[in-house]
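Below, each chain spelled out in residue letters.
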Amino acid sequence: MKLSGGVEWALHCCVVLTAATEPVPAARLAQLHDVSPSYLAKQMQALSRAGLVESVQGKTGGYALTRAATAITVLDVVQAVDGADPAFVCTEIRQRGPFGTPPQDCTKPCPIARAMAAADAAWRASLQGVSIADLVGTVEQDSGPEALPRIGTWLNSASSSRG
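Residues numbered from 1 in each chain as written. Predicted model: local features only at pLDDT ≥ 70, side-chain atom pairs only at ≥ 80, totals over all residues. Heavy atoms only, no water.

Student: It is not clear to me how the overall build of the protein chain should be interpreted in this structure. Could you clarify?
Tutor: When helices and strands are tallied, the protein chain shows seven helices and two strands. Written out in order from the N terminus, the α and β elements of the protein chain read α-α-α-β-β-α-α-α-α. Relative to the compact-globule value of 15 Å for 163 residues, the protein chain shows a C-alpha radius of gyration of 21 Å, a clear excess of over 25%. The principal-axis extent of the C-alpha atoms belonging to the protein chain is close to 70 × 30 × 25 Å. Considering the protein chain as a whole, with its 163 residues, one finds that 36% of them fall into the buried category. Roughly 9400 Å² of accessible area belongs to the protein chain as shown, and the carbon and sulfur atoms make up 56% of that amount. (Helix = DSSP H or I, 4+ residues; strand = E, 2+ residues; numbered from the N terminus. Rg over C-alpha atoms; globule rule 2.2 N^0.38 Å. Buried < 20%, exposed > 50% of the residue type's maximum accessible area, 1.4 Å probe, protein only. Areas by Shrake-Rupley, 256 points an atom, 1.4 Å probe, with all protein chains shown as cover.)

Below, the structure is given as C-alpha cells:
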C-alpha cells in the first residue's frame, strides 16, 4: 500500500488544528511544517471538500476542524486526500490466455482477489479505529503535554498580527 505524501501532511495539519483557537491559514500550516504552501493548500482543499475542515474567509480566515477530533478518523483523512478506491482492482486475469476460465464459471472472486479484498478491509478497519484525538494523545505522550499548546499559540499568533 502506497499513500501520497499529501496524506501525511493532511494528518499533521488535522492534529495541529486541534490546538488552534482560531482558523489557521494554509500558508501558516505550510510554514509550520516547512512544506510547499501550494501543495499543502491542495490537501486542505481536499479535506474541506470532504467536510473534515472548513475554510473561513476574510481577514482572519483560514482552516478549522468541522467536528471534534474524536469524530475524525485517519481513514477519513486518507480517503479525503487519496480517494476511497480499493488498493487492488481485479481485472479477471484468470479468464485470459489459452487456459482461461470461461466468464460463466467465474461465479465468485478468485483466491487472489479475496486475499487482497480481505487485506484492504483489514487496513481500512485499522485506520477507521484511529481518530485524530488518538494521534493527539500520542503526540502528547511522545512530545509532552506542552507541545501542541505551544504550536497552537504559534499558529494563532499569525492571526493576531493580521488584525
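Still to come is the rest of the account.
Student: How should the pairing of strand β2 (residues 62-65) be read in this particular structure?
Tutor: Within a regular strand, side chains alternate between the sheet's two faces. Burial along β2 is two-sided: the residues Gly-62 and Ala-64 and Tyr-63 and Leu-65 are all buried. Turn length for the strand β1 (residues 53-56)-β2 hairpin, with the two strands adjacent in sequence and antiparallel, is five residues, and the turn residue Gly-58 shows positive phi of about 110°. (Pairing = 2+ DSSP bridges.)

Student: Which parts of the structure should I look at to understand the packing of aromatic side chains?
Tutor: Given two aromatic rings, one states the distance between the centres and the angle between the planes to describe the pair. In the structure shown here, the tally under the stated rule is one aromatic pair. Ring geometry for Trp-9 versus Tyr-39: centroids 4.9 Å apart, planes at 85°, classification edge-to-face. Remark: Tyr-39 occurs in helix α3 (residues 37-49) and Trp-9 occurs in helix α1 (residues 5-17); sequence separation between them is 30 residues. Lying across the ring of Trp-154, Arg-28 places its NZ or CZ 3.5 Å from the centre. (Phe/Tyr/Trp six-rings, centres within 6.5 Å; stacked < 30°, edge-to-face > 60°. Lys NZ or Arg CZ within 6 Å of the ring centre and 35° of its normal.)

Student: Can you help me understand the nonpolar core in this one?
Tutor: In this structure, Leu-17, Leu-29, Met-44, Leu-47, Val-77 and Ile-132 are the most contacted members of the largest nonpolar core, which totals 36 residues. Elements with a minimum of two residues in this core: α1, α2 (26-33), α3, β2, α4 (74-82), α6 (132-143) and α7 (147-162). Here the element with the most residues in this core is α1; it accounts for eight residues. If we ignore the near neighbours within four places in the chain, the residues touching Leu-17 are Val-24, Leu-29, Met-44, Val-53, Tyr-63 and Leu-65. (Core = buried A, V, L, I, M, F, W, Y, C linked by side-chain atoms within 4.5 Å. Contact = heavy atoms within 4.5 Å.)

Student: Sorry, what's going on with a nonpolar patch on the surface here?
Tutor: Judged by side-chain polarity, Phe-88, Ile-112 and Met-116 come together as a nonpolar surface patch covering roughly 270 Å² of accessible area. Along the chain, Ile-112 turns up in helix α5 (residues 111-128). (Patch = residues over 30% accessible without salt bridge, like charges linked within 9 Å, V, L, I, M, F, W, Y side chains within 5 Å. Salt bridge = Lys/Arg side-chain N within 4 Å of Asp/Glu carboxyl O.)

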